Amino acid sequence: MIKFSDKQLKIPKLMRPVYLATVGMSKFDRAFPETRIEELCIDALTAAADFVNMTPSELKKYIHTCYYGHFADHFGDQLLGEAVIHDRLGLDPLGNIGVKTGGATGGSAMWEAVKAVASGYSDCALALGWERMDEVPTDEGNHLISCAADKDWETPLGHIYTGYYAVMAQRYWKIFGKEEDSFRNTMAEVAVKNRGYARMNPHAQGPMKITVEDVINSPIVAYPLRVLDCCLMSVGSACGIVCDEKTAYEITDKPLRIYIAAGSHTLRVADRRDMKIPLLPNEKPNQYDDLGKRFPGGNRYPGFTGFLAARMSAYYAYNMSGVVDPTEDLDLVELHDAFTISDIQTYEDIGIRPYGEGRDYIESGDAYVINPHTKKPGKLPSNPCGGLIGCMHAVGATGLMQIAEIGYHIWNRWDEIHEPEEKWKAFGREKPKDWTNLQVKGAKRGLAISHAGVGSHVTCTILMDPNNLIKED
Amino acid sequence: MPKTEEEKGFVDIVDSRYKPKGVFHIIEANQPIYNKDTGKLAGVTNPRDMTYIHTYGGEAIFFESLGKGRLMASRCDNEKCETKGSVYEPFRIFCPDCLRKNTVVDITEKAQKTAKIHSFIITHRSGAFNTLPKPIKFINVEFDEEVVTILMSVLVVGEPEMGKIVVPIFRTKSPTYTIMDLMFVVEGTTESELPEGFTF
Ligand SMILES: [Zn+2]
């Protein structure tokens, strides 16, 4: 049983408020055989400038330090790739640093940028991320991804990361899903929802109009996970610019407050030791005393069924920003849906539902922009951009894309980014005839989870309209 | 094509230094990548073949023991440590709590008696360089409660199921000195059913 000290559980404090001034992203796709990655990074930064009616050179004049999220050097075969991008963006001689935390790289880059502004070191910082996974054949790509597992204890076993990951899905499936067909359907609904939302997003790489049956009949990757349960592998870039209050209002008249926190857990799932469940503000002591009774085998925490890193990032971020109950206090979320089942696990880790009851978030219709049962707006829509399953997973950019997407909703400008016919054309994608505006009406607060692999790193970002804060400064 | 003996890289340590001999990389020319529709050059291939020289450090005893049919773990024996007595498999050189060097312990018999499947997954997928037969049956193995962790391995005889008793087997003939020298089979498997080179 491991325990945390009070000092470790201290609620993080920013020394001054930090604001998100603008965001941008490129097109995402499986491969860009005739585009260098810096071209996509420039697209992302240019989009961020456009969003606040500036030229890139005008926007760049505000930037003081840069935090670059790029995970897999070995995919791009370029060390110090950050220096290449920094130069191509024309940001020398500013200080810059590369951030690498697997799938959470985008969120971690933002974590660093926010701290730089909060501390007073910078008044304006750029967090920009990218990934390119198309420069090796797929089987070699699988090997390169498996290098993010332990090279001596895991990678030689099949050189396939999914195998190390899916054992957790199996355990959750059997213990909390009870191997029920109804739970299998709920998993599939996550895929149907997210791929369906991706149809409204010109940036998205994996839009599909599918049914629960399509997901359940798709080829098995590692039972119970099927092809349509899994996220995409992508190339692309996304960015966000954070500032102190004064600078933020110089760039835009509508900056958003940003809070962000991070958690971690063992690289090898094997090393997870038993502990008490750390509680979120909406949970009660002893609430989980009978968890093992209700779900036999579910008493080991986090075991293989929870992500401690996600829980800790939410613990820090909720307490930092005043969020008590995410479903009541937030208007939408962007979660790291690497797999349908891990998406459901995350609902529990971040307190949208108690442990063991994650499936209800989907089944109740709360997770939809429009609740399919009531035809009214869902309580807490999740992943209207399509998520990792429908939009993209260009590792270093993913967390930043999610933050950008939450921002578009709170800015009430989602349609401006996703609707224009010209953008669909420029991206070589056909706008669906039934294109629907997924703007979450009246969104004032949102959350984005950026998550690495089996749960080694997770960041939790909370954005709020500054006139709708929960906690006074 | 497999490399000939002359094309392989070998390393010894002499006087505390690595002494490589043989071939550590083979040079191969790059090739242009053309867009067949436009006839224009888009890029080049960059072939590369390299051999890394990797030390196991304090974990070497674990990997060496596998080839001898022994499963080694480690235990914190620090009287002052709040998690004293915890046994680690995967083997940890140092206790994650007190950071004192752990004691090496042989858990072969414990594993033979108490190993059971905590979770598993069956997959037909693999990455480049995989040498396991497919489908691969990944299993996570729990031992008795002294062992506080859950080892990842593969099941090579029998079907995986949560809670099922499994037994370790070791590649004692021509070991690879990697984690691939340890695998598991279901209880009741006979010696003749084991894969080539493996013994109980
Ligand atoms: Zn210790």
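Description of the structure in this document. (Residues numbered from 1 in each chain as written. Chains lettered and ligands numbered in written order. Predicted model: local features only at pLDDT ≥ 70, side-chain atom pairs only at ≥ 80, totals over all residues. Heavy atoms only, no water.)

**A word on the side chain of Thr186(A)**
Residues and elements named next belong to chain A.
Move 1: Looking at the secondary structure, you find Thr-186 in helix H8 (residues 181–198).
Move 2: At 2.5 Å, the side chain of Thr-186 and the side chain of Glu-363 are in polar contact.
Move 3: Setting aside residues no more than four positions away along its own chain, Thr-186 makes contact with Ile-344, Arg-359, Ile-362 and Glu-363. (Helix = DSSP H or I, 4+ residues; strand = E, 2+ residues; numbered from the N terminus. Polar contact = N/O pair within 3.5 Å; in protein donor to acceptor, adjacent residues only side chain to side chain. Contact = heavy atoms within 4.5 Å.)

**Comments concerning unusual backbone geometry**
Residue and element names in this part refer to chain A.
Move 1: In this structure, Pro-224 follows Tyr-223 across a cis peptide bond, with omega equal to 5°.
Move 2: Position of Pro-224 among the secondary structure elements: in the loop between strand S5 (220–222) and strand S6 (225–226).
Move 3: Positive phi, normally seen in glycine, also occurs at Leu-80, with a value near 55°.
Move 4: Checked against the element boundaries, Leu-80 lands in the loop between helix H3 (73–76) and helix H4 (81–88).

**Quick word on the coordination of the zinc ion**
Residue and element names in this part refer to chain B.
Move 1: Surrounding the zinc ion are the protein donor atoms Cys-76 (SG), Cys-81 (SG), Cys-95 (SG) and Cys-98 (SG), at 2.3 to 2.4 Å.
Move 2: Mapping the donors of the zinc ion onto the primary sequence gives the spacing C-x4-C-x13-C-x2-C. In this pair, Cys-81 is assigned in the loop between strand S5 (72–75) and strand S6 (87–88) and Cys-98 in the loop between S6 and strand S7 (103–106), connecting sequence segments 17 residues apart. (Donors = N, O, S within 2.8 Å, 3.2 Å for Na, K, Ca; no water.)

**Comments concerning the side chain of His418(A)**
Residue and element names in this part refer to chain A.
Move 1: The topology assignment puts His-418 in helix H18 (residues 414–418).
Move 2: Reaching out from His-418, the side chain makes a polar contact with the backbone oxygen of Trp-414 at a distance of 2.7 Å.
Move 3: Excluding anything up to four places from it in sequence, His-418 contacts Met-25, Met-200, Asn-201, Pro-202, Glu-405, Tyr-408, Trp-424 and Trp-435.

**With respect to the nonpolar core**
Move 1: Among the nonpolar cores identified, the biggest contains 161 residues, and Met110(A), Val242(A), Leu447(A), Ile462(A) and Phe138(B) are the most heavily contacted of them.
Move 2: Ignoring anything within four residues of it in the chain, the contact list for Met110(A) reads Leu20(A), Ala127(A), Gly240(A), Val242(A), Ile258(A), Ile260(A), Leu400(A) and Ile403(A).
Move 3: Val235(A), Cys239(A), Ile241(A) and Cys243(A) belong to the second-largest nonpolar core, a separate cluster that totals 29 residues. (Core = buried A, V, L, I, M, F, W, Y, C linked by side-chain atoms within 4.5 Å. Buried < 20%, exposed > 50% of the residue type's maximum accessible area, 1.4 Å probe, protein only.)

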